[in-house]
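What follows is each chain in one-letter form.
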Amino acid sequence: MNRAELNEPENDHFGKALPTVPFESIVSLKPLIQYWLEATEEGNEIDGLLALRVREQLAAHPSLLSPIDLIVALRSQRCVIDVLMSAVFSPSLREEIMGAALAPNLTDPIYYTPPYEKLMYLYGKEFLTTYTYDHQNSFNNQLLFACNLILKKKYKIDAFKEAPLFLHLEEPDKHFHRYYKSSLHTRFLALNSKEDEQLLKDEDIHRLLQYPNDVRLWQDKFKPDRDSIEGLVFLHLMEMSAEETLSGLTYDLLSRDALITEGRRHALLMRLRNLVRVPDLQFGIQLLSSCPMFHQATEDSLWKGMNLTKDLFPEELLETEALSPLKNGKIVVLSDLVHISAQHPYFRQLLANGYQNLVLAPLQSTDGLIGLLELGSTYKHAISNINSLKIREILPIFALALERSLVECENRIQAYIQETYTHIRSSVAWKFRESAISAISGGSGIPHKPDEIIFKHVYPLYGVSDIRSSTMVRNHAIQSDLVQQLSLAQQVLNESQVLHPLPLVEKLNYKIEGNKKNIEDTLHS
């Protein structure tokens, strides 16, 4: 396909009005033709030459200025239509631009570029109103678009200028998702209104702008018999798949349990597949001894590489020529594991598990290289040096997620032990830790009932030592000390009474004497 195409609906007609949207939609080239006629007067030499061609065609075919009902009318004037559309779709860029000319009701793609045609082939001609990333239905989109056009043309207010439409398209094989940002250009639309129409009041416009999602309010203020929309809407799509996938990955990785539960890990896997466009991609995490929580984490069954074993990553491989770039923060791509499998059992095990292609990416923190991200495919060269570059942007966030998930996992284990068991001595803590890991590693994130802790052929020995009558001796010492302290206090009071006799001193002396007798008889705690 090397040129833009005209849509050919089954009945060869363009709908003049949708049954649900209360505005007449008229497909017309008139606003576009008017642009070219004005280009002649403005003196642009290049546009002026094309405008002369348009004038010649109009003289020969004046019906081009009339509303278009049949696709035959467009098909018979294909050459002049290509010239008209060059105002929006440059001939030199039609193979790259993803765009189309739509009917004013946003339903019928009338003229489109080859990339847009490819989308229609994959998702159907009506994909624009079927797939919406923000989940607005097609009726709301079309209604608000028409109402906004009336506000813009009649009241000079562009209510939805900063609200582009996002499309989320799922490929037919359901392996990948694509995201597009659209922009609608209404320059070549004309608004036809009745002369005796009553304009909206300022308070009505203010209320509409205050409640942009109240569809009933908009329907009430814009009556179907007041306006008709004539011309073409030009749509441009920009693919945002990589940006949206990276954004989704970042969001998922920032959650506390990003790498712990099976549900979270599966969501990460699907986004990674979408990012590098490899449908059978698998990923794993390998911890290295430089990780601060290495010794606790390697006991957990939650941390496994793509070999799905508890075997630690052979760190001696980091000294080999093939993997030494990892220490410098570089991604290593092994396109064909067959050529390197003889070097180490680690590669042979991956090959035995069906992997032909392996990518190792370094996960670094302030402590240095703490882990490796494994990406594998069963097809040779599936992940290359080119698509692996997309992974580099998320490696710092992956490293952060690894550290947070390690801490979160350890917190869950300790919290489970404290909630489920009584005080545990350090000599047997390992057994209870194994039970806790087994309970929380089911994948659902909800711990199951703990297993019974049994130490087979283990007999506890208890040793207790004490000094006979030590409590009585301690109490007698405290009793003697208190009596001595009170006697000294009495001595001070008696001497003060000799120098300055006061009733208060006698009262205090009496109370002290009573306390001394109580302590001498029995010492209460």
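Before reading on, note that the structure itself is shown above.
Note that this is a predicted model, so its numbers are computed, not measured.

A. Region of the structure containing the sheet that holds strand S7 (residues 189–193). Read across the open sheet, the three strands follow the order S2-S8-S7; overall the sheet is mixed. Among the strands making up the open sheet, the edge pair consists of strand S2 (24–27) and S7. Averaged over all pairs of adjacent strands, the angle between strand axes in this sheet comes to 25 degrees, irrespective of strand direction. Relative to strand S8 (residues 227–231), S2 runs parallel, the two being bridged by four bridges. Residue pairing across strands places Ile 26 opposite Glu 230, the latter belonging to S8.

B. Layout of the packing of aromatic side chains. Under the defined criterion, the tally for this structure stands at nine aromatic pairs. Between Phe 188 and Phe 234, the aromatic rings sit 5.5 Å apart at their centres with planes inclined by 75 degrees, giving edge-to-face as the arrangement. Of this pair, Phe 188 sits in the loop between strand S6 (177–185) and S7 while Phe 234 sits in strand S9 (residues 233–239), and the two are 46 residues apart along the sequence. By the ring-pair criterion, three or more aromatic residues cluster together here, those being Tyr 35, Trp 36, Phe 89, Tyr 111, Phe 188 and Phe 234.

C. Structural view of the nonpolar core. Tyr 116, Leu 119, Phe 127, Phe 222 and Leu 237 are the most contacted members of the largest nonpolar core, which totals 37 residues. Broken down by secondary-structure element, the contributors of at least two residues to this core are strand S3 (98–102), helix H5 (114–123), helix H7 (138–155), strand S5 (165–170), S7, helix H8 (202–210), helix H9 (215–221) and S9. A total of nine residues in this core trace back to one element, the largest contributor, which is H7. Among all residues touching Leu 119, those that are not within four sequence positions of it are Met 98, Gly 124, Phe 127, Leu 169, Tyr 180 and Leu 237.

Cut-offs used in this document
- Residues numbered from 1 in each chain as written.
- Predicted model: local features only at pLDDT ≥ 70, side-chain atom pairs only at ≥ 80, totals over all residues.
- Heavy atoms only, no water.
- Pairing = 2+ DSSP bridges.
- Helix = DSSP H or I, 4+ residues; strand = E, 2+ residues; numbered from the N terminus.
- Axes fitted to C-alpha atoms, helices over the stretch in contact; angles between N-to-C directions.
- Phe/Tyr/Trp six-rings, centres within 6.5 Å; stacked < 30°, edge-to-face > 60°.
- Core = buried A, V, L, I, M, F, W, Y, C linked by side-chain atoms within 4.5 Å.
- Buried < 20%, exposed > 50% of the residue type's maximum accessible area, 1.4 Å probe, protein only.
- Contact = heavy atoms within 4.5 Å.

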